[in-house]
Amino acid sequence: MLGRIDQLSIFYKCFKALCCKGPPPPRPEYDLVCIGLTGSGKTSLLSQLCSENPENIVSTTGFSIKAVPFQNAVLNVKELGGADTIRKYWSRYYQGSQGVIFVLDSASSEDDLETARNELHSALQHPQLCTLPFLILANHQDKPAARSVQEIKKYFELEPLARGKRWILKPCSLDDMEAVKDSFTLLINLLEERELEPSRM
Ligand SMILES: Nc1nc2c(ncn2[C@@H]2O[C@H](COP(=O)(O)OP(=O)(O)O)[C@@H](O)[C@H]2O)c(=O)[nH]1
Ligand SMILES: [Mg+2]
């Protein structure tokens, strides 16, 4: 026969196990900067990831910040406006970033593609970004004029330029958000690796 104290103790343990699991551990948060020319699709992709109404998207003047939730992490993404007049100020907003998202329009004109290449090269070489993981999204792949990811890799000279750095180049479009989410998962893996091994880079 169990004594009264034992009974209470068992009851308390069962109650605690069933009801008092406590809140789940907080998801890690990472601060990222998102750059790319105007019209490349930065706001659209980030809004879709936040399940926002696509009809509310307006052109980004200056910058905007979104907390983008994923299963294992929350990404605080600072999108910098991509207009000619704003790009020269991008570097003022790099401080504190832990990773970079670069979005490009794979179907853009030759001139715009060259501008995007120059901007990506500057970012890859910038002292505040050069050691960070990069996710490069070759967006607008649904358009017939889109260059393939292999063409973009070659044109952007990523192999020689980004050698030794951690970067992911993925094709994507607004109509395949599952692929976009998979690309972000790869970026989160790189961010986690970096956190575990701070001396690796
Ligand atoms: N067809 C197509 N249109 C896109 C894609 N991504 C963005 N857009 C469109 O491109 C325009 C500019 O997008 P926005 O997100 O404002 O670009 P941002 O200036 O980089 O923020 C909008 O009309 C979007 O609907 C895509 O993958 N495919
Ligand atoms: Mg925008």
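What you see is a predicted model; the values in this text were computed from it and never measured.

Visitor: Outline the sheet that holds strand 3 (residues 74–80), listing residues and values.
Guide: Pairing in this open sheet of six strands is mixed, and the strands run 2-3-1-4-5-6 from one edge to the other. Two strands lie at the open edges of the sheet, namely strand 2 (63–69) and strand 6 (167–171), each paired on one side alone. When the angles between neighbouring strand axes are averaged without regard to direction, this sheet yields 20°. Contacts from helix 4 (residues 110–125) reach strand 1 (29–35), strand 4 (99–105) and strand 5 (134–139), with the element oriented near 170° to strand 4.

Visitor: An account of the site of ligand 1 is requested, with residue identities and associated values reported.
Guide: Gly-39, Lys-42, Thr-43, Ser-44 and Asp-142 are the nearest of the 15 residues found near ligand 1. Side-chain polar atom of Ser-40 to an oxygen atom of ligand 1: 3.3 Å apart, as the coordinates give it. In the model, an oxygen atom of ligand 1 is placed 2.4 Å from a nitrogen or oxygen of the Ser-44 side chain. Contact with the protein chains hides 72% of the accessible area of ligand 1, taken as 590 Å² for the molecule alone. It is helix 2 (residues 42–49) that provides the largest number of residues to the shell around ligand 1, a total of three residues. Looking at the shell around ligand 1 residue by residue, the classes come out as two nonpolar, nine polar and four charged.

Visitor: Residue-level account of the packing of aromatic side chains, with values.
Guide: The description of an aromatic ring pair uses the distance of the two centres, along with the angle that the planes make with each other. Scanning the model with the defined rule gives three aromatic pairs in all. Plain terms: the ring middles of Tyr-155 and Phe-156 are 5.8 Å apart, the flat faces sit at 65° to each other, and that makes the pair edge-to-face. By relative accessible area, which is 24% here, Tyr-155 ends up partly exposed. Under the relative-accessibility criterion, Phe-156 is labelled buried at 0%. Directly above the ring of Tyr-155 sits Arg-117, whose terminal nitrogen or CZ lies 4.4 Å from the centroid.

Visitor: Help me get a handle on helix 4, residues and values and all.
Guide: For helix 4, with 16 residues, the first-to-last C-alpha span of 23 Å sits near the 22 Å given by 1.5 Å per residue. Restricting attention to buried positions, one finds in helix 4 the residues Leu-113, Ala-116, Arg-117, Glu-119, Leu-120, His-121, Ala-123 and Leu-124. Turning to helix 4, the residues buried within the fold contact strand 1, helix 3 (84–87), strand 4, strand 5, helix 5 (149–155) and helix 6 (158–161).

Visitor: Explain the nonpolar core to me, and be specific about the residues and the numbers.
Guide: Membership of the largest hydrophobic core comes to 25 residues, with the highest contact counts inside it found for Val-68, Leu-75, Val-77, Ile-101, Leu-137 and Phe-184. Residue assignment for this core shows that the elements contributing at least two residues are strand 1, helix 2, strand 3, strand 4, strand 5 and helix 7 (177–196). Ranked by residues supplied to this core, first place goes to helix 7 with seven residues. Leaving out residues up to four positions away in the same chain, Leu-137 has contacts with Leu-45, Ile-101, Phe-102, Val-103, Leu-104, Lys-170, Cys-172, Ser-183 and Phe-184. Among the nonpolar cores identified, the runner-up in size contains 24 residues, and Leu-80, Val-100, Leu-132 and Leu-158 belong to it.

Visitor: Explain the environment of Gln-141 to me, using residue names and the numbers behind them.
Guide: Assignment of secondary structure puts Gln-141 in the loop between strand 5 and helix 5. As a C-alpha pair, Gln-141 and Cys-172 span 31 residues in sequence and 5.7 Å in three-dimensional space. When neighbours within four sequence positions are excluded, Gln-141 is seen to be in contact with Ser-106, Ala-146, Arg-147, Ile-152, Pro-171, Cys-172 and Ser-173. For Gln-141, the side chain forms a polar contact with the side chain of Ser-106, separated by 3.0 Å.

The rules behind each value
Residues numbered from 1 in each chain as written. Chains lettered and ligands numbered in written order. Predicted model: local features only at pLDDT ≥ 70, side-chain atom pairs only at ≥ 80, totals over all residues. Heavy atoms only, no water. Pairing = 2+ DSSP bridges. Helix = DSSP H or I, 4+ residues; strand = E, 2+ residues; numbered from the N terminus. Axes fitted to C-alpha atoms, helices over the stretch in contact; angles between N-to-C directions. Contact = heavy atoms within 4.5 Å. Near = heavy atom within 4 Å. Polar contact = N/O pair within 3.5 Å; in protein donor to acceptor, adjacent residues only side chain to side chain. Areas by Shrake-Rupley, 256 points an atom, 1.4 Å probe, with all protein chains shown as cover. Nonpolar A, V, L, I, M, F, W, Y, C, P; charged D, E, K, R; others polar. Phe/Tyr/Trp six-rings, centres within 6.5 Å; stacked < 30°, edge-to-face > 60°. Buried < 20%, exposed > 50% of the residue type's maximum accessible area, 1.4 Å probe, protein only. Lys NZ or Arg CZ within 6 Å of the ring centre and 35° of its normal. Expected span 1.5 Å × (residues − 1). Core = buried A, V, L, I, M, F, W, Y, C linked by side-chain atoms within 4.5 Å.

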